[in-house]
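Chain residues, written in single-letter form:
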Amino acid sequence: MMKEELKTLFLFESLDDAKLDWLVEHGKVEHHPAGLVYAEGDDATCFYVMLSGTCALSRLVHGDDVETVRTEQRGVYAGATQAYLGAAVPQKYPNSLRAVTDCSFFVLPATEFGAMMRSWFPMAMHLMEGLFFGLRNTQTIIGERERLLALGSLSAGLTHELNNPAAAAVRATSVLRTRVAGMRHKLAMIADGRVDGTKLRHLVDLQEEAVKRVALAPALTPLQTSDAEDAVGDWLEEHDVTGAWDIGATLVAGGIDPEWLDAMAQTVGEENLEPAVRWITYTLDTELLMAEIEDSVARISGLVAAAKQYSQLDRAPYQTVDVHDLLKATLVMMNAKIPSGIKVVKEFDRSLPPIPAYAAELNQVWTNLIDNALGAMGQSGTLTIRTGRDGENVFVEVADTGHGIDPAIRPRIFEPFFTTKPVGEGTGLGLDISYRIVVNKHHGDIKVTSSPGDTTFRVLLPINPDA
Ligand SMILES: Nc1ncnc2c1ncn2[C@@H]1O[C@H](COP(=O)(O)OP(=O)(O)OP(=O)(O)O)[C@@H](O)[C@H]1O
Ligand SMILES: [Mg+2]
């Protein structure tokens, strides 16, 4: 009776008598009232074939139980479908099976089912195994390649960012060299006794004062600068100082105004005015050039520090980190990719505790989320990076004002290779990789809310992963 029934199921229809006998001997029929039959993640101990009723399969997607199939088709199967792979993969149920109405199933224990498949269909099993591991291997390789590509495009951006301050420092240094030579020349004139002692004392005092003014010089708008240069230029012309316009720009950058020049004229006397002005200009020039070199070099070491923080090359992979350090480094690394029409807003909760994490991999997550946000916004919009605490978790949000995620594709965005970008632009691995890093490696979660103009990805990371 049972044998006849098994024969009517599409899985078993071509089996010979001996095999059907084996099935009858090793399997049994189970009746399940409506409700859960097995849960995702439990040890996969049985293979189920539905004989009657309606059942549904579901998967946990970011904490939500999402139904993937619901069917009343006799012969559908579920459960330990990968038993044939044996210990090569973790034998856990990949989904949950629920009886929607009362159901009956033909049930085979997983170990027997696996051994049976291997001995009955050896060649098919080898092919399936090859396919399974091949696919998984390909995914890993592509994932790694993707990571390298991302790093490559970031380092291209970084090289570009490093070039500007480096070139500025080199330029400033060479100008500085000629200025210092000019100062030596002036020093020679002093040594020759062409400038008397008290005048020299005054000049040195003025010089000190001018240097202090450079440090305090307010940042002017272009309009204020040109007004100030006009005023200083006029003063110089009135006092017959040659090259007024050249000198004027330096004096203004150094925070010198006509009042200060009046005071100086009083101190040194009209007859010494021109050499005194030039002397002060030299001083300011060297001071400004040194400040420029200092800025450029500081910017370079800032970038290098960010690159180091981003790549975590010299750090332990798993360590206690402040997520803000990671976010800042990632933003610096991505700076070149952020269009000028995009406003970046940081809403950081500084009171967050540091958390144990795989820092370099989290940087990969921020990079992917920011990359997606930029992709959705195009040339203009607001990118908000927010942090805060959510119960026992730290959260990091990446929010954008882009076109949003169509509800129809929303359930699929975390799937590997799912992309809406044109061929060749997206691999569709960004969110898959991010999900695996956050959920599998950190036991955290990624949640998303989206409407046009407001999409937020929220990454939750446990503060005490061991608790
Ligand atoms: N912030 C967002 N706004 C709108 N859609 C998004 C956003 N983030 C992701 N998506 C959607 O999810 C899809 C999958 O994202 P995912 O990062 O996995 O791949 P991708 O960005 O397409 O490709 P890749 O990351 O390899 O460049 C995207 O193609 C896009 O349709
Ligand atoms: Mg992406």
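K.L.:
Describe the overall build of the protein chain, listing the residues and the values that go with them.
P.N.:
Secondary structure summary: the protein chain contains 12 helices and 15 strands in total. Relative to the globule expectation of 23 Å for 467 residues, the C-alpha radius of gyration of the protein chain, 36 Å, shows a markedly less compact shape. Along the longest, intermediate and shortest principal axes, the C-alpha atoms of the protein chain span 125 × 45 × 40 Å. Within the span of the protein chain, comprising 467 residues, buried residues form 40% of the whole. Counted over contacts in the protein chain with a minimum sequence separation of 6, partners at least 24 positions apart contribute 74%. Within the structure as shown, the protein chain displays about 24800 Å² of accessible surface, and the carbon and sulfur contribution to it stands at 56%.

K.L.:
Please provide a residue-by-residue account of the sheet that holds strand S1 (residues 28–32), values included.
P.N.:
Strand pairing in a sheet relies on backbone hydrogen bonds, with the paired strands running either antiparallel or parallel. Here we have 4 strands laid out as an open sheet, ordered S1-S8-S3-S6, and antiparallel in their pairing. A single partner strand is all that each edge strand has here, and the edge strands are S1 and strand S6 (77–79). Neighbour to neighbour, the strand axes of the sheet diverge by 35° on average, direction disregarded. Direction of pairing for strand S3 (residues 46–52) relative to S6: antiparallel, over a ladder of 3 bridges. Bridge pairing in S6 links Tyr-48 to Ala-78.

K.L.:
Please set out the site of ligand 1 residue by residue, giving values where relevant.
P.N.:
Lining the immediate surroundings of ligand 1 are 22 residues, of which Asn-372, Thr-419, Thr-420, Lys-421 and Thr-427 lie closest. In the environment of ligand 1, a nitrogen atom lies 2.8 Å from a nitrogen or oxygen atom belonging to the side chain of Asp-400. When ligand 1 sits alone it has 590 Å² of accessible area, and the protein chains cover 94% of it. Of all the elements in the fold, those that place two or more residues in the shell around ligand 1 are helix H11 (359–377), helix H12 (430–441) and strand S15 (454–462). If you tally residues by element for the shell around ligand 1, the top one is H11, at 3 residues.

K.L.:
Give me the lowdown on the packing of aromatic side chains, citing residues and values where you can.
P.N.:
Summed over the entire model, instances satisfying the criterion amount to 12 aromatic pairs. A cation sits over an aromatic face here: Lys-441 above Tyr-358, 4.3 Å from the ring centre. Here Arg-458 stacks its cationic end above the ring of Phe-395, 3.8 Å away from the centre of that ring.

K.L.:
A description of the domain arrangement of the protein chain should follow, citing residues and the corresponding values.
P.N.:
Here the protein chain is described as being made up of domain 1 (2–120), domain 2 (155–303) and domain 3 (317–462). Distance between the C-alpha centres of domain 2 and domain 3: 46 Å. Each side of the interface is counted separately: domain 2 has 5 residues, and domain 3 has 4 residues. Ranking the residues of domain 2 by area buried against domain 3 places Leu-158, Glu-161 and Leu-303 at the top, with a combined share of 71%. One can count 0 salt bridges joining domain 2 with domain 3.

K.L.:
Before we move on, could you go through a negative patch on the surface and cite the residues and values that matter?
P.N.:
Residues Asp-227, Asp-230, Asp-234, Glu-237 and Glu-238 make up a contiguous surface patch of negative charge. Within the fold, Glu-237 resides in helix H6 (residues 222–238). Using a relative accessible area of 44% as the deciding quantity, one classes Glu-237 as partly exposed.

K.L.:
How would you explain the pattern of salt bridges if you had to name every residue and give the values?
P.N.:
Taken as a whole and assessed by the stated rule, the structure comprises 20 salt bridges. Ionic pairing is found between Glu-30 and Lys-28, a salt bridge with its closest N-O pair at 3.3 Å. With relative accessibility at 18%, the residue Glu-30 sits in the buried group. Ionic contacts of the salt-bridge type, sharing partners, join the residues Glu-347, Arg-386, Asp-390, Glu-397 and Arg-458 into one network.

K.L.:
Account for helix H3 (residues 110–120), with residues named and values stated.
P.N.:
Taken residue by residue, H3 has Ala-110, Phe-113, Gly-114, Met-116, Met-117 and Trp-120 as its buried positions. Projection of H3 onto a plane perpendicular to its axis shows the buried side chains occupying an angular sector of 165°, all on one side. Summarising the geometry of H3, the exposed residues directed more than 90 degrees from the buried face are Thr-111 and Ser-119.

K.L.:
Pulling in residues and values, what's your account of the environment of Met-123?
P.N.:
One can find Met-123 in helix H4 (residues 122–191). For the pair Met-123 and Ala-181, spaced 58 residues apart in sequence, the C-alpha to C-alpha distance is 85 Å.

K.L.:
Help me get a handle on the side chain of Thr-384, residues and values and all.
P.N.:
Following the sequence through the fold, Thr-384 ends up in strand S12 (residues 381–390). Overall, the relative accessible area of 10% leaves Thr-384 in the buried class. In contact with Thr-384, other than residues within four places in its own chain, are Val-345, Glu-347, Glu-397, Val-398 and Ala-399.

Analysis parameters
Residues numbered from 1 in each chain as written. Chains lettered and ligands numbered in written order. Predicted model: local features only at pLDDT ≥ 70, side-chain atom pairs only at ≥ 80, totals over all residues. Heavy atoms only, no water. Helix = DSSP H or I, 4+ residues; strand = E, 2+ residues; numbered from the N terminus. Rg over C-alpha atoms; globule rule 2.2 N^0.38 Å. Buried < 20%, exposed > 50% of the residue type's maximum accessible area, 1.4 Å probe, protein only. Contact = heavy atoms within 4.5 Å. Areas by Shrake-Rupley, 256 points an atom, 1.4 Å probe, with all protein chains shown as cover. Pairing = 2+ DSSP bridges. Axes fitted to C-alpha atoms, helices over the stretch in contact; angles between N-to-C directions. Near = heavy atom within 4 Å. Polar contact = N/O pair within 3.5 Å; in protein donor to acceptor, adjacent residues only side chain to side chain. Phe/Tyr/Trp six-rings, centres within 6.5 Å; stacked < 30°, edge-to-face > 60°. Lys NZ or Arg CZ within 6 Å of the ring centre and 35° of its normal. Domains from an automatic or database assignment. Buried area = accessible area lost by both parts, 1.4 Å probe. Salt bridge = Lys/Arg side-chain N within 4 Å of Asp/Glu carboxyl O. Patch = residues over 30% accessible without salt bridge, like charges linked within 9 Å, V, L, I, M, F, W, Y side chains within 5 Å. Lys, Arg positive; Asp, Glu negative; His and termini not counted. Charge placed at Lys NZ, Arg CZ, Asp CG, Glu CD. Arc of directions from axis to C-beta.

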